[in-house]
Structure formats: C-alpha cells, structure tokens
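Each chain, written out:
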Amino acid sequence: MGKYASWNDLEKNVPVAYQEKATPEAFRTGMNGIAPSGLKVKEGRVSHYRDGVDGKGPVMVSGYKRAMFE
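This structure is a prediction, so every number in the text was calculated from the model and none was measured.

### Side note on a nonpolar patch on the surface
Judged by side-chain polarity, Tyr 64, Met 68 and Phe 69 come together as a nonpolar surface patch covering roughly 310 Å² of accessible area. With respect to the helices and strands, the residue Tyr 64 is situated in helix H4 (residues 57-68). On the accessibility criterion, Tyr 64 (34% relative accessible area) is partly exposed.

Put into structure tokens, the structure is as follows:
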C-alpha cells in the first residue's frame, strides 16, 4: 500500500492512477524497450492490452482486496 494512509485512500486513488498510467502507449514503450534487436511489439498486442485495461482500475482493487484480506 506504501503511499496510501488507509484502505479508503487506496480504493479511491488507485483506479485513477492505474487508468492514467496503464495506457497503450506505456505498454508499447515498455515492450519496445525490451524487444530483441530489430523487432517491435505487434499492434494487435497493443490493442489487446488497451481492451484489457480500459476501466479495470476498480476491478484490480477489488481483486487485490479479495487476494489479501479475509
């Protein structure tokens, strides 16, 4: 949880931060950064990533809550 003072702070702020940082462009940049020489990430993978993260901030937080707490 690190920078959050309470669960309520995490639950309120993480979805916004996740949505701002989990962008297709960030994915493309990261994948191209680790790609073998002369290769780049396929655009279909970038599109699939975008479809997989759009609106998923609250889902990620609820999954973390289920995984970590009883």
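### Focus: the nonpolar core
When a protein is soluble and globular, its nonpolar side chains tend to lie buried together. Counting five residues, the largest nonpolar core is built from Tyr 4, Trp 7, Leu 10, Val 14 and Val 61. At three residues, the largest contribution of residues to this core is made by helix H1 (residues 7-21).

### Topic: the packing of aromatic side chains
Per the counting criterion, the structure on display carries four aromatic pairs. Seen from their ring centres, Phe 27 and Tyr 49 are 4.4 Å apart, and the 10° between their planes marks the pair as stacked. Of this pair, Phe 27 sits in helix H2 (residues 24-34) while Tyr 49 is found in helix H3 (residues 43-53), placing the two residues 22 residues apart along the sequence. Relative to Phe 69, the ring of Tyr 64 lies with its centre 6.3 Å away and its plane at 80°, an arrangement referred to as edge-to-face. Since its relative accessible area comes to 44%, Phe 69 is described here as partly exposed. One aromatic cluster in this structure is built from Trp 7, Tyr 64 and Phe 69.

Parameters at a glance
Residues numbered from 1 in each chain as written. Predicted model: local features only at pLDDT ≥ 70, side-chain atom pairs only at ≥ 80, totals over all residues. Heavy atoms only, no water. Patch = residues over 30% accessible without salt bridge, like charges linked within 9 Å, V, L, I, M, F, W, Y side chains within 5 Å. Areas by Shrake-Rupley, 256 points an atom, 1.4 Å probe, with all protein chains shown as cover. Salt bridge = Lys/Arg side-chain N within 4 Å of Asp/Glu carboxyl O. Helix = DSSP H or I, 4+ residues; strand = E, 2+ residues; numbered from the N terminus. Buried < 20%, exposed > 50% of the residue type's maximum accessible area, 1.4 Å probe, protein only. Core = buried A, V, L, I, M, F, W, Y, C linked by side-chain atoms within 4.5 Å. Phe/Tyr/Trp six-rings, centres within 6.5 Å; stacked < 30°, edge-to-face > 60°.

Geometric values such as these leave the question of function open.
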